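Topology and contacts: notes
Now for the letters of each chain:
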Amino acid sequence: MVSSPADDDAADTSADPQAADGSAATLSEEELYAVVRVATEDAVLGALGTLMLVGIGIVLASWGAALLMSATPLPAAIGVVLILFGAYLALSSLRMIPPVREWV
């Protein structure tokens with residue numbers, strides 16, 4: 001069976017959120033609430049996660065600085081590694097440097 005262009009347009013508007021004139025279709029109040037709620041939750045969790053990772057990076061760097069003051073070479077080497085990892089964790093969380101997954 002061959003469908004007419006009018007049938008195709010009717011099918012497009014029901015499956016696609018775009019209206020026939022190209023403007024965005026209106027959402028019901030429940031759909032809009034669900035979209036806004038999910039977006040807000042995602043934003044809050046993203047901000048808290050970023051703050052937590054930056055805090056962990058600062059703590060690791062401070063522990064590394066404390067170990068760096070050690071007179072023996074092994075704790076000093078561990079301190080350098082902790083400082084570097086803490087700085088990387090904080091800076092990549094703030095998107096100042098690319099994360100490792102983008103390097104590979």
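Every chain's residues receive numbers from 1 upward, in the order its sequence appears when written. Since the coordinates come from a predicted model, pLDDT governs what is reported: local features require at least 70, and pairs of side-chain atoms require 80 or more to be given and counted, while whole-chain, interface and lining totals use all residues. Side-chain metrics rest on all non-hydrogen atoms present in the structure, leaving aside hydrogens and water.

1. Re the overall build of the chain
- The helix and strand tally for the chain stands at 4 helices and 0 strands.
- Here a helix means four or more residues in a row that DSSP labels H or I, a strand means two or more in a row labelled E, and each is numbered from the N terminus. Element order for the chain, N to C, with α for helix and β for strand: α-α-α-α.
- For every residue, the accessible area (1.4 Å probe, protein chains only) is compared with the maximum for its type, and the residue is labelled buried under 20%, exposed over 50%, or partly exposed between those bounds. Within the chain, buried positions represent 12% of all 104 residues.
- In the chain, of all internal contacts separated by at least 6 residues, the share reaching a separation of at least 24 is 30%.
- Method for areas: the Shrake-Rupley scheme with a 1.4 Å probe, in which residue coverage is limited to the protein chains shown. Of the roughly 8,200 Å² of accessible surface on the chain, 70% is carried by carbon and sulfur atoms. Residues count as neighbours in contact if any of their non-hydrogen atoms are within 4.5 Å of one another.

2. Some points on the layout of surface pockets
- Put simply, the grid is 1 Å and covers the protein atoms alone, a cavity is a trapped set of points that fit a 1.4 Å probe, a pocket is an open set with protein on both sides within 12 Å along at least five of seven lines, and lining residues have an atom within 4 Å of a point. Grid points are joined across faces, edges and corners, and a volume is the space filled by probe spheres set on the points. What the largest pocket holds in volume is close to 260 Å³.
- What lines the largest pocket is G49, T50, L53, Y88, L89, S92, S93, R95, P99, R101 and E102.
- Top contributing element to the lining of the largest pocket by residue count: helix α3 (residues 73–93), with 4 residues.
- Note that Gly is not counted as nonpolar here; it falls among the polar residues with everything else outside the nonpolar set of Ala, Val, Leu, Ile, Met, Phe, Trp, Tyr, Cys and Pro and the charged set of Asp, Glu, Lys and Arg. A breakdown of the residues in the lining of the largest pocket according to their chemical character gives 4 nonpolar, 4 polar and 3 charged.

3. So, the pattern of salt bridges
- By definition here, a salt bridge exists when the distance from a side-chain nitrogen of Lys or Arg to a carboxyl oxygen of Asp or Glu is within 4 Å. Taken as a whole and assessed by the stated rule, the structure comprises 1 salt bridge.
- Between E41 and R37 there is a salt bridge; the shortest N-O distance is 3.4 Å. Note that E41 and R37 are positioned in helix α2 (residues 29–68) at a spacing of 4 residues, about one turn of the helix.

4. Here we look at the UniProt feature "transmembrane region" (unreviewed entry) in the chain
- According to UniProt, the feature "transmembrane region" (unreviewed entry) maps to residues 43–68 and 74–91 in the numbering used here.
- Helix and strand shares over residues 43–68 are 100% and 0% respectively, and the end C-alpha atoms of the span are 37 Å apart.
- Within residues 74–91, the helical portion is 100% and the strand portion 0%, while the C-alpha atoms at the span's ends are 26 Å from each other. UniProt positions are given in the numbering used here, feature names are shortened, and annotations may be inferred rather than shown by experiment.

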